[in-house]
Amino acid sequence: LELRSPLFVATLKNTGELSTSSEQVLVSASANTKSPGHYSLKITIKNPSATEEVDLSPLELSIRNTISAFDDPLGGYGSDIYAYLKPFVADAKQVSAPNMGTEVLEWFGLYNRYDIEAVRSSAVWVVDKGNTLHTTHAQIVTPGDTIELEFDYIVIQRKKNALIQLGLNTTLLRDLWYWFRGLCLGIWVSMELLFELTGNWGVAIIALALLIRLFTIPITRISLDYQLRAIEQQRRIAPKIVKIKQTYTGVALSEKMIALYENERYDQAASFKGMLGLFIQIPILIALFTVIGEMSELRHASFLWINDLSLSDRLFPLGMDIPFFGGYFNVLPFLMAGVTILSTWLASQRSETPTLSLFGMAILFFVFFYSFPAALVLYWFASNLFQLL
């Protein structure tokens with residue numbers, strides 16, 4: 001952290017040491033460690049002249065980017081999507097990008113997937129370079145006067161409870177639709193409660209999958225009923241459709257087909273309604289994906305052979321980097337795909353749908369989930385396993 005003026009410079013190092021150098025003004029500074037990675041700074045500036053005021057402008061406050069974007073070279077696509085470093089200005093109500101002319105009333109800084117670096121001042125600063133962490137403040141010291149500038153500076157993990165205490169919780173789940181942010185927070189709180197009960201994040205994720213499956217049983221039953229209805233009515237009218245197509249053409253064919261659907265009371269939306277179980281799960285899955293990408297608590301959290309639930313499960317390195325998939329052999333995606341294929345096969349025993357189309361979803365999920373965080377793949381595996389049971 002650096003506070004600079006044409007007349008003095010004050011710099012806070014990563015170790016918490018605060019150094020100053022000055023000309024024409026008397027500068028003293030102190031730094032107090034509130035907690036690991038959280039410093040309280042006070043800089044006192046005195047104008048020794050009895051007759052002339054001192055203009056400290058441009059008084060500049062900037063962060064030197066102690067943290068960097070999350071880098072996981074062999075992680076594949078599932079890690080690449082988290083390789084961000086986002087600057088921000090924030091208060092207790094909202095967070096936004098630091099655009100030219102933005103007034104910083106409380107915090108400004110930047111964050112990556114796991115960490116946050118930010119500063120809060122007792123004065124109002126103005127961003128003077130678009131999308132940067134460079135702010136200025138106009139300050140004049142009258143003859144013989146003394147001013148004090150106070151700052152809070154943090155370099156900490158992005159853990160929700162710590163951010164709430166600092167008024168930085170708006171940086172979590174940023175830029176989401178209001179209802180979707182509510183869903184994400186609900187899942188986050190549920191995971192925290194289950195962790196408190198189980199003492200392990202992996203077990204908490206499995207318990208979450210079970211609870212969501214239990215709560216969605218009524219919708220799943222309705223979905224299965226519509227699947228059976230779609231299969232039954234398709235089998236019932238298929239021979240009649242073949243016969244009509246052999247007999248009629250053109251407009252007459254269309255009229256006969258419409259009459260057939262009406263007489264048979266064919267539900268055109270049955271197949272769509274049969275996917276209700278999946279449709280209710282997808283928003284939850286996307287919300288969980290969003291939450292897992294924000295939870296520093298999952299960093300280095302282990303479960304069975306998994307050393308870090310925030311990354312892919314990584315049983316062993318492959319010795320090469322495969323584009324999109326990364327450089328590790330991950331077990332969970334194979335287990336997830338196996339359970340999904342088995343479940344699909346059992347559900348397809350009364351269906352005449354080609355096997356390839358039935359298993360296509362399992363293959364698609366395997367490809368996209370392969371390098372995703374183990375926490376997310378574990379959830380989807382457990383959810384499909386409970387669905388199968």
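As a reminder, the structure under discussion sits directly above these lines.
Residues numbered from 1 in each chain as written. Predicted model: local features only at pLDDT ≥ 70, side-chain atom pairs only at ≥ 80, totals over all residues. Heavy atoms only, no water.

Just give me the short version of the packing of aromatic side chains, but keep the residues and values in it.
Counted under the stated rule, the structure contains 23 aromatic pairs. Seen in terms of ring centroids, Phe289 and Phe372 are 5.2 Å apart; in terms of plane orientation they differ by 45°. Their pairing is tilted. Within this pair, whereas Phe289 is found in helix α8 (residues 276-292), its partner Phe372 is found in the loop between α10 (355-369) and α11 (374-388), the two being separated by 83 residues in sequence. Of the residues examined, Phe372 reaches a relative accessible area of 10% and is grouped as buried. Sitting over the ring of Tyr84, Lys86 keeps its end group 5.0 Å from the ring centre. (Phe/Tyr/Trp six-rings, centres within 6.5 Å; stacked < 30°, edge-to-face > 60°. Helix = DSSP H or I, 4+ residues; strand = E, 2+ residues; numbered from the N terminus. Buried < 20%, exposed > 50% of the residue type's maximum accessible area, 1.4 Å probe, protein only. Lys NZ or Arg CZ within 6 Å of the ring centre and 35° of its normal.)

Report on the nonpolar core, specifying residues and quantitative values.
Formed by 58 residues in total, the largest nonpolar core has its most connected members in Phe88, Leu168, Met191, Phe369 and Tyr379. Once you skip the residues sitting within four places of it in the chain, Tyr379 turns out to touch Ile205, Leu208, Ala209, Ile212, Gln281, Ile284, Leu285 and Leu288. With 32 residues, the next largest nonpolar core counts Leu7, Ile67, Trp125 and Val127 among its residues. (Core = buried A, V, L, I, M, F, W, Y, C linked by side-chain atoms within 4.5 Å. Contact = heavy atoms within 4.5 Å.)

Summarise the environment of Ser254; cite the residues concerned and give the values.
Among the structural elements, Ser254 can be located in helix α6 (residues 250-263). Here the alpha-carbon distance between Ser254 and Ile63, two residues 191 residues apart in the chain, equals 70 Å.

Any chance you could break down the pairing of strand β12 (residues 115-121) for me, citing the residues and the numbers?
For β12, the buried fraction is high: five of the seven residues fall into the buried class. Both strand β11 (residues 107-111) and β12 contribute to a ladder of five bridges, which runs antiparallel. Counterpart to Gly109 in the pairing with β12 is Ala118. Here β11 folds back onto β12 in antiparallel fashion, the turn holding three residues. Summarising the sheet, β12 and strand β16 (residues 146-157) pair through seven bridges and their orientation is antiparallel. Paired with Val119 across the bridge in β16 is Tyr153. (Pairing = 2+ DSSP bridges.)

Could you give an account of helix α3 (residues 178-198), with specific residues and numbers?
Because each turn of an α-helix spans 3.6 residues, side chains separated by three or four positions end up pointing in the same direction. For α3, which comprises 21 residues, the first-to-last C-alpha distance of 30 Å matches the rise-based estimate of 30 Å (1.5 Å per residue) to within 8%. Among the residues making up α3, those that are buried are Phe180, Cys184, Ile187, Trp188, Met191, Glu192 and Leu194. Looking straight down α3, one finds that the buried residues subtend no more than 165° of arc, so they occupy a single side. When the buried face of α3 is taken as reference, the exposed residues oriented beyond 90 degrees from it are Tyr178, Trp179, Leu193, Glu196 and Leu197. Directly beyond the C-terminal end of α3, a positive phi value near 80° is found at Gly199. (Expected span 1.5 Å × (residues − 1). Arc of directions from axis to C-beta.)

I'd like to hear about the sheet that holds strand β5 (residues 38-46), residue by residue, with values.
Spatially, β4-β5-β16-β12-β11-β8-β9 is the arrangement adopted by the seven strands of the open sheet, whose pairing is antiparallel. At either end of the open sheet lies a strand with only one pairing partner, and these are β4 (26-35) and β9 (95-96).

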